[in-house]
Amino acid sequence: MSKTQDFLKEAFAGESQANRKYQAFAAKADKEGYFQTAKLFRAASEAEAVHANNHLEAMSAILSTPENLEGAISGEDHEYESMYPEMIETAKAEKIKDAEMSFYLANEVEKIHSQLLISFFPPRAHQRRRSLITSVLTAGIRSKRRRQRRAQYAALMGSCSRGSIELC
């Protein structure tokens, strides 16, 4: 692989991370009443997304829909079969509960993503219609549900204090 290809991967990762961070920063600014700052973060986030997409295209990483589905399924399977289990065990051993919870919840959703992607493979003509599938894919990661997710995780992991909101 050429140095330019390595740079494209690095730039894609950096721009993608900046996009997500700026979205989180915008949500925090909104909560704190800094509405114009939130708008600025959202605008910057959109620009970062454009940069990331341009880098992805320059890498020729956007293929046909069947190939994209195969790649996405492979990625989701890797995440829930090996990546997150190792992260969960490490966080558990290091007793970093917030990280353990974050990894665990993401892992559970990755399994669902894989199943949903598999259900759309191979792509069929009827799938060209719009649906609410995007809502299903993102349902488990809404920040509004953080307390609910903590309580669910706490229930799965054992007893906890203060109404199952705070992890033991």
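Residues numbered from 1 in each chain as written. Predicted model: local features only at pLDDT ≥ 70, side-chain atom pairs only at ≥ 80, totals over all residues. Heavy atoms only, no water.

Here we look at the overall build of the chain
Let me state the cut-off plainly: We count a stretch as a helix when DSSP gives it H or I for four or more residues in a row; a strand needs E for two or more, and each element gets its number in order from the N terminus. Exposure is judged per residue with a 1.4 Å probe applied to protein chains only, and the accessible area is read against the type maximum: over 50% gives exposed, under 20% gives buried, and values in between give partly exposed. We call two residues contacting when some pair of their heavy atoms lies within 4.5 Å. Throughout, the Shrake-Rupley method with a 1.4 Å probe supplies accessible areas, and for residues the shown protein chains are the sole cover considered.
Helices and strands together make up the secondary structure of the chain, namely six helices and zero strands. Secondary structure elements in the chain, listed N-terminal to C-terminal, are α-α-α-α-α-α. Across the 168 residues that make up the chain, the buried fraction comes to 22%. A separation threshold of at least 6 residues defines the contact pool for the chain, and within that pool the share at least 24 residues apart is 52%. Element-wise, carbon and sulfur atoms account for 56% of the exposed surface of the chain, whose accessible area totals about 11,800 Å².

Notes on the side chain of Glu-76
Defined as follows: We count Lys and Arg on the positive side and Asp and Glu on the negative side, and we leave His and both chain ends out. For this analysis, a salt bridge means a side-chain nitrogen from Lys or Arg found within 4 Å of a carboxyl oxygen belonging to Asp or Glu.
Inspection of the secondary structure assignment puts Glu-76 in helix H3 (residues 65-93). Buried charge without a partner: Glu-76 forms no salt bridge, and the closest opposite charge is Lys-111, 12 Å away. Here Glu-76 is in contact with Glu-110, His-113, Ser-114 and Leu-117, once residues within four sequence places are set aside.

As for the packing of helix H1 (residues 3-31) against helix H2 (residues 35-58)
When two helices pack together, their arrangement is captured by the angle between the axes and the distance separating the axes. Counted only if it meets this: To get an axis, a line is fitted to the C-alpha atoms, and for a helix only the part in contact is used. The angle between two axes follows their N-to-C directions and goes from 0 to 180 degrees. Roughly parallel covers angles under 35 degrees, roughly antiparallel covers those over 145, roughly perpendicular covers 65 to 115, and oblique covers all other angles. Here a crossing is called left-handed whenever its near helix is offset anticlockwise from the far helix by less than a right angle, and right-handed whenever the offset is clockwise. Gly is put with the polar residues, along with every residue not named as nonpolar or charged; the nonpolar set is Ala, Val, Leu, Ile, Met, Phe, Trp, Tyr, Cys and Pro, and the charged set is Asp, Glu, Lys and Arg.
In contact at an axis separation of 8 Å, H1 and H2 are set at 160° when each is read in the N-to-C sense. Considering their axes alone, H1 and H2 lie roughly antiparallel with respect to each other. In the packing of H1 onto H2, the handedness of the crossing is left-handed. The residue inventory of the contact of H1 with H2, partitioned by class, reads 17 nonpolar, eight polar and five charged.

Observations regarding the packing of H3 against helix H4 (residues 97-119)
It is at 8 Å that the axes of H3 and H4 come closest, and there the two elements cross at 160°. Taken together, the axes of H3 and H4 lie roughly antiparallel to each other. Viewed along their axes, H3 and H4 form a crossing whose handedness is left-handed. For the contact of H3 with H4, the class distribution of residues is 15 nonpolar, three polar and seven charged.

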